[in-house]
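So the chains spell out like this:
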Amino acid sequence: MRIVVRTTTANGRYSPRNVGAIWITTAQGAFVKTVERWAAARANRLTKFISSANSNIVDAVTSATLSSHITHDRTWDLKNLMGCKIPPGSYLLNLEMTDKNGAGPTAAIPFTITSSPMTLNLPDLSNFHDMLIDVK
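Since the model is a prediction, treat every value here as computed from it, not as a measurement.

Novice: Sorry if this is basic, but what is going on with the overall build of the protein chain here?
Specialist: Per the secondary structure count, the protein chain includes one helix and nine strands. When the elements of the protein chain are put in sequence order from the N terminus, they spell out β-β-β-α-β-β-β-β-β-β. Viewed in the frame of its principal axes, the protein chain has a C-alpha envelope of about 45 × 30 × 25 Å. Considering only intrachain contacts with a sequence separation of at least 6, the fraction spanning at least 24 residues in the protein chain is 63%. Approximately 6,700 Å² of the protein chain is accessible, and the part contributed by carbon and sulfur atoms is 51%. Side chains of the protein chain give 14 positive and 9 negative charges; the mean places of these two sets differ by 6 Å.

In structure tokens form, the structure reads like this:
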């Protein structure tokens, strides 16, 4: 599965520097897998990510705090934390980003995994733009 999202400033104290995370949960909110986390010293500001994923970054793409906003273009192999293929069903793409000493914008975007390929071009949100979910 390909996940694309471009972040933009929330006009925080450290902008354009920012930290963030992209992770997957079931529709009921159970943690499945972290796709990406970009944060170093201020990783503790990712409060929703910490609460949901317990900061789990096993097999995730990780990097330090970003010096500017970028388009994140990542792939996920549809496997959970234990390396098992996830079953078809309803899931949430979770996004969090902050550029201040506190929680920042978040989003939880529902999507469904089926046996058929699908592409979702998602509408822009305040700080998350050009979003795409593409399952082959």
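Next comes the rest of the account.
Novice: Help me understand the sheet that holds strand 2 (residues 19-26), please; the structure alone is not making it clear to me.
Specialist: Within the open sheet, the five strands sit side by side as 4-3-2-6-7. Their pairing is mixed. The sheet is open, and its two edges are formed by strand 4 (61-63) and strand 7 (106-113), each paired on a single side. On average, adjacent strands in this sheet sit at an angle of 20° to one another, irrespective of strand direction.

Novice: Help me out: how do you make sense of the pairing of strand 8 (residues 118-121) in this one?
Specialist: Working note: regular strand, side chains alternate between the two faces of the sheet. Direction of pairing for strand 8 relative to strand 9 (residues 128-135): antiparallel, over a ladder of four bridges. By the bridge assignment for strand 9, Met 118 is matched with Val 135.

Novice: How should the side chain of Thr 98 be read in this particular structure?
Specialist: Checked against the element boundaries, Thr 98 lands in strand 6 (residues 89-98). Overall, Thr 98 belongs to the buried group, its relative accessible area being 1%. There is a polar contact of 2.7 Å between the side chain of Thr 98 and the backbone oxygen of Gly 102. Apart from the residues within four sequence positions on either side, Thr 98 is in contact with Arg 17, Asn 18, Val 19, Arg 42, Arg 45, Leu 46, Ala 103 and Gly 104.

Rules used in this analysis
- Residues numbered from 1 in each chain as written.
- Predicted model: local features only at pLDDT ≥ 70, side-chain atom pairs only at ≥ 80, totals over all residues.
- Heavy atoms only, no water.
- Helix = DSSP H or I, 4+ residues; strand = E, 2+ residues; numbered from the N terminus.
- Contact = heavy atoms within 4.5 Å.
- Areas by Shrake-Rupley, 256 points an atom, 1.4 Å probe, with all protein chains shown as cover.
- Lys, Arg positive; Asp, Glu negative; His and termini not counted.
- Charge placed at Lys NZ, Arg CZ, Asp CG, Glu CD.
- Pairing = 2+ DSSP bridges.
- Axes fitted to C-alpha atoms, helices over the stretch in contact; angles between N-to-C directions.
- Buried < 20%, exposed > 50% of the residue type's maximum accessible area, 1.4 Å probe, protein only.
- Polar contact = N/O pair within 3.5 Å; in protein donor to acceptor, adjacent residues only side chain to side chain.

Honestly, that's just the spatial picture; any functional story needs more than this.
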